[in-house]
Amino acid sequence: MNETTVAEITKMIKLIRTSRSSVHGSQEQQWIEHQLSDDRLKEVVANLSIIALHILSALEETELTGIELAQRLAVTRGGVTRAAKKLLEYDLVHAGKHPDDQKKIYYSLTAAGREIAAVHDRMHEELRATVTKKLLAKYSDEDLEVVSRFLQDFYQLEKELN
């Protein structure tokens, strides 16, 4: 692969990253806001980070600690702490301790948090279906396997460089 191709790939990845957000919030936030009927929740979503939205989805099945959330979402504990603080502020999660373990703080969803999480999940399902349909129509399985390996390698390289 020549330097021009590498530069083009890097440029496209940067464009993808920057196109995912705007002054009106991320595409995820905008999509979720359009799906919600509760105006208060729409305002709340506009003030949440992407990590916060993913925390809500991660808590749908069971309560988790901050450390468990960080591991599950592959983000820093500090990122989880900041997002959880915001989620608590908007009453989207509860924080509590178990009687048998007073050290750890466990997070669980409130009804409002559950509503946003469900819409967030639906958005990801629709996005995944659209991407799958469009990519399968254009590329062979072999092509997509190469792209998948490339993206995994690129992700690993970025982790090593940071």
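Anything mentioned here points back to the structure above.
Because the structure is predicted, anything quoted here is derived from the model rather than measured.

Undergrad: Just to check I follow, could you spell out the side chain of aspartate 101 for this structure?
TA: By secondary structure assignment, the location of aspartate 101 is in strand E5 (residues 101-109). Engagement of the side chain of aspartate 101 in a polar contact is seen with the backbone nitrogen of lysine 103, the distance being 3.2 Å.

Undergrad: When you look at the nonpolar core in this model, what are you seeing that I'm missing?
TA: Proteins that are soluble and globular tend to have nonpolar side chains buried together. Within the largest apolar cluster, 28 residues are counted, with the highest numbers of intra-cluster contacts made by Leu48, Leu56, Leu59, Leu69, Leu87, Leu92 and Ile116. Looking at this core, the elements with two or more residues in it are helix H3 (39-46), helix H4 (50-58), helix H5 (66-73), helix H6 (77-89), E5 and helix H7 (111-138). At five residues, H4 tops the list of elements feeding residues into this core. Every residue in contact with leucine 92, bar those within four places of it in the chain, is listed here: Leu41, Val44, Leu48, Leu56, Leu87, Ser108, Leu109, Thr110, Ala112, Gly113 and Ile116.

Undergrad: I would appreciate a short explanation of the pairing of strand E4 (residues 93-98) in the present structure.
TA: The side chains of a regular strand alternate between both faces of the sheet. Where E4 meets E5, five bridges bridge the pair, whose relative direction is antiparallel. Its bridge partner lying in E5, alanine 95 is registered against tyrosine 107. Hairpin connection, E4 to E5: the antiparallel pair is bridged by two residues.

Undergrad: Explain the packing of helix H2 (residues 27-35) against H7 here, please?
TA: How two helices sit against one another is set out by the angle between their axes and by the gap between those axes. Close contact between H2 and H7 brings their axes to 10 Å; oriented N to C, the two are set at 115°. Read as a crossing pair, H2 and H7 show a hand that is right-handed. Taken together, the residues of H7 that come into contact with H2 (itself represented by Glu28, Trp31, Ile32 and Gln35) are Ile116, Val119, His120, Arg122, Met123, His124 and Glu126. By residue class, the composition of the contact of H2 with H7 is five nonpolar, three polar and three charged.

Undergrad: I tried to follow the pattern of salt bridges on my own but got confused; where do I start?
TA: For side chains of opposite charge, pairing can occur when their charged atoms come near one another. Here the structure, examined in full by the defined rule, presents one salt bridge. The salt bridge partner of aspartate 101 is lysine 104, with a shortest N-O separation of 3.9 Å. Here lysine 104 falls in the partly exposed class, since its relative accessible area comes to 44%.

Undergrad: Can you walk me through unusual backbone geometry in this structure?
TA: The bulk of non-glycine residues show a negative phi, and the bulk of peptide bonds are trans. For alanine 74, which is not a glycine, the phi torsion comes out positive at approximately 55°. By relative accessible area, which is 57% here, alanine 74 ends up exposed. Positive phi, normally seen in glycine, also occurs at aspartate 91, with a value near 55°. You can see aspartate 91 is positioned in the loop between H6 and E4. Residue classification places aspartate 91 among the partly exposed positions, given a relative accessible area of 45%.

Thresholds applied
Residues numbered from 1 in each chain as written. Predicted model: local features only at pLDDT ≥ 70, side-chain atom pairs only at ≥ 80, totals over all residues. Heavy atoms only, no water. Helix = DSSP H or I, 4+ residues; strand = E, 2+ residues; numbered from the N terminus. Polar contact = N/O pair within 3.5 Å; in protein donor to acceptor, adjacent residues only side chain to side chain. Core = buried A, V, L, I, M, F, W, Y, C linked by side-chain atoms within 4.5 Å. Buried < 20%, exposed > 50% of the residue type's maximum accessible area, 1.4 Å probe, protein only. Contact = heavy atoms within 4.5 Å. Pairing = 2+ DSSP bridges. Axes fitted to C-alpha atoms, helices over the stretch in contact; angles between N-to-C directions. Left-handed = near helix turned anticlockwise from the far one by under 90°. Nonpolar A, V, L, I, M, F, W, Y, C, P; charged D, E, K, R; others polar. Salt bridge = Lys/Arg side-chain N within 4 Å of Asp/Glu carboxyl O.

Fair warning: the whole summary comes from geometry, so function is off the table for now.
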